[in-house]
Amino acid sequence: MQETEYMDRLILALRKKYKEGQSAQDAIGENISIGMHKVALYKESLFNGICSILLPENLRDMPYPEVIIKYPDINRPQVIKTNQNGNASITFSTLPIENAGSNEGALEKLKKIRCDMKKVWKQNVFYDMGDVQAQELTVAWMDFRAFTLTESLYCMIFIFKPEEEMILGNFHCGFSEYDIWKPAVLKLLTTIRTKGQGLSEKR
């Protein structure tokens with residue numbers, strides 16, 4: 001596991017500056033670059049209009065039979081989007097009010113989640129942590145590599161607090177595609193808008 005972690009960190013370090021620099025140069029508009037492809041975006045309203053986000057058109061509601069199989073726990077995320085092949089998904093959940101922390105910022109909350117995850121899932125390899133600005137809303141994020149019986153996954157957890165709600169999101173894909181999806185997901189997070197903000201033409 002130590003050798004795997006070393007290689008993971010080396011690969012990410014070598015690619016990070018290039019990918020993030022490339023991402024910063026491309027403004028998000030009606031479509032987004034995912035690898036070599038331009039994909040159209042659509043506006044997805046979440047939790048009865050509390051907030052919204054722009055998502056690639058190839059991420060749509062996961063069919064319910066698949067939801068039951070992949071998320072058997074009754075406490076599954078309320079919103080689950082996936083692509084046609086099921087190898088990239090994004091989910092959204094509201095955290096219970098008692099867990100949201102009335103005076104706690106998104107980044108502070110995420111740091112606690114990260115600490116708890118490290119205690120439980122010791123096999124995971126944790127990478128970066130940061131935040132992006134979505135107009136007046138701060139979206140905190142962290143990413144890591146998780147292992148299943150048959151594969152490893154790239155995961156990005158993000159959290160933000162529109163009004164009195166705390167919303168937890170999770171993007172994951174096959175680890176081999178992390179460098180395709182990471183810059184795209186970070187861009188998508190900047191398009192989150194609360195009910196009062198709406199969607200500005202300048203993104």
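Counting restarts for each chain: residues are numbered from 1 in the order of the written sequence. Since the coordinates come from a predicted model, pLDDT governs what is reported: local features require at least 70, and pairs of side-chain atoms require 80 or more to be given and counted, while whole-chain, interface and lining totals use all residues. Only hydrogens and water are set aside when side-chain values are computed; all heavy atoms of the structure are taken into account.

(A) Broad picture of the overall build of the protein chain. Counting its secondary structure elements, the protein chain contains five helices and eleven strands. The buried share of the protein chain, reckoned over its 203 residues, is 46%. The contacts in the protein chain between residues at least 6 apart in sequence include a share of 50% that link residues at least 24 apart. In short, Shrake-Rupley with a 1.4 Å probe defines the accessible areas, and a residue's cover is counted only from the protein chains shown. Of the roughly 11500 Å² of accessible surface on the protein chain, a fraction of 51% belongs to carbon and sulfur atoms. Numbered from the N terminus, helices here are DSSP runs of H or I no shorter than four residues, and strands are runs of E no shorter than two. The rule is simple: take the accessible area with a 1.4 Å probe, protein chains only, and divide by the maximum for that residue type; under 20% is buried, over 50% is exposed, in between is partly exposed. Note on contacts: a residue pair is in contact if any heavy atoms of the two residues lie within 4.5 Å.

(B) Region of interest: the sheet that holds strand S1 (residues 31–34). When DSSP finds two or more bridges between two strands, those strands count as paired. Taken together, the four strands give an open sheet; going across it, the order is S1-S2-S3-S11, and neighbouring strands pair in antiparallel fashion. Each of the sheet's edge strands pairs with one partner strand only, and the pair in question is S1 and strand S11 (193–194). As paired strands, strand S2 (residues 37–46) and strand S3 (residues 51–56) are joined by six bridges and run antiparallel to one another. Within S3, the residue paired with Ser-45 across the bridge is Ser-52. In this description, a line fitted to the C-alpha atoms serves as the axis of each element, helices being fitted only across the stretch in contact, and the angle between N-to-C directions of two axes falls anywhere from 0 to 180 degrees. Taken strand by strand, helix H5 (residues 178–189) contacts S1, S2 and S3, and its axis lies near 155° from that of S1.

(C) Representation of the sheet that holds strand S4 (residues 60–61). Strand order in the open sheet formed by seven strands is S4-S5-S6-S10-S9-S8-S7, with antiparallel pairing between adjacent strands. At either end of the open sheet lies a strand with only one pairing partner, and these are S4 and strand S7 (125–134). Where strand S5 (residues 79–82) lies against strand S6 (residues 88–94), four bridges are found, and the strand directions are antiparallel. Bridging from a neighbouring strand, Lys-81 pairs with Ile-90 of S6. Against the sheet, helix H4 (residues 106–120) makes contact with S7, strand S8 (137–147), strand S9 (152–160) and strand S10 (167–174), and its axis sits at roughly 165° relative to S7, the strand it touches most.

(D) Representation of the pattern of salt bridges in the model. Basic side-chain nitrogens of Lys or Arg form a salt bridge, by our definition, when they fall within 4 Å of a carboxyl oxygen of Asp or Glu. Applying the stated criterion across every chain, the model contains four salt bridges. Of the charged contacts in the structure, one is a salt bridge between Asp-128 and Lys-182, with a shortest N-O distance of 2.8 Å. Of the two residues, Asp-128 is situated in strand S7 and Lys-182 in helix H5; the sequence distance between them amounts to 54 residues. Put simply, Glu-44, Asp-61 and Lys-81 are held in one network by salt bridges that share partners.

(E) Examining the side chain of Thr-191 more closely. Within the fold, Thr-191 resides in the loop between H5 and S11. Nitrogen and oxygen atoms within 3.5 Å of one another constitute a polar contact, given that in protein one can donate a hydrogen and the other can accept it, and given that sequence-neighbouring residues count only through two side-chain atoms. Looking at Thr-191, its side chain comes within polar contact range of the main-chain nitrogen of Leu-54, at 3.0 Å.

(F) Just unusual backbone geometry, in detail. With a phi angle near 55°, Phe-47 is a residue other than glycine that sits in the positive phi range. With respect to the secondary-structure elements, Phe-47 resides in the loop between S2 and S3. With relative accessibility at 15%, the residue Phe-47 sits in the buried group. At Asn-48, a residue that is not glycine, the phi angle is positive and equals roughly 55°. In this fold, Asn-48 is placed in the loop between S2 and S3. Among the residues examined, Asn-48 registers a relative accessible area of 83% and is labelled exposed.

(G) Fine view of the layout of surface pockets. Two kinds of site are reported from a 1 Å grid over the protein atoms alone, namely cavities, where a 1.4 Å probe fits but cannot get out, and pockets, open sets with protein on both sides within 12 Å along at least five of seven lines, and residues are called lining when an atom falls within 4 Å of a point. Grid points are joined across faces, edges and corners, and a volume is the space filled by probe spheres set on the points. Each pocket or cavity is described by its volume, and for the largest pocket that value is around 940 Å³. Tyr-71, Phe-144, Cys-155, Asn-170 and His-172 are the residues nearest the centre of the largest pocket, which is lined by 33 residues in total. Elements with a minimum of two residues in the lining of the largest pocket: S6, H4, S8, S9 and S10. The greatest single-element share of the lining of the largest pocket, amounting to six residues, is contributed by S10. Note that Gly is not counted as nonpolar here; it falls among the polar residues with everything else outside the nonpolar set of Ala, Val, Leu, Ile, Met, Phe, Trp, Tyr, Cys and Pro and the charged set of Asp, Glu, Lys and Arg. Taken together, the residues of the lining of the largest pocket sort by class into 17 nonpolar, 13 polar and three charged.

(H) Focus on H4. Relative to the 21 Å expected for 15 residues at 1.5 Å per residue, H4 spans 21 Å between its end C-alpha atoms, a close match to the ideal helical length. Burial in H4 covers these residues: Ala-106, Lys-109, Leu-110, Ile-113, Arg-114 and Met-117. Each buried residue of H4 lies within a common arc of 140° when the element is viewed along its axis, so the set occupies one face. To estimate the expected span of a helix, subtract one from its residue number and multiply by 1.5 Å. Comment: arc refers to directions from the helix axis out to C-beta atoms.

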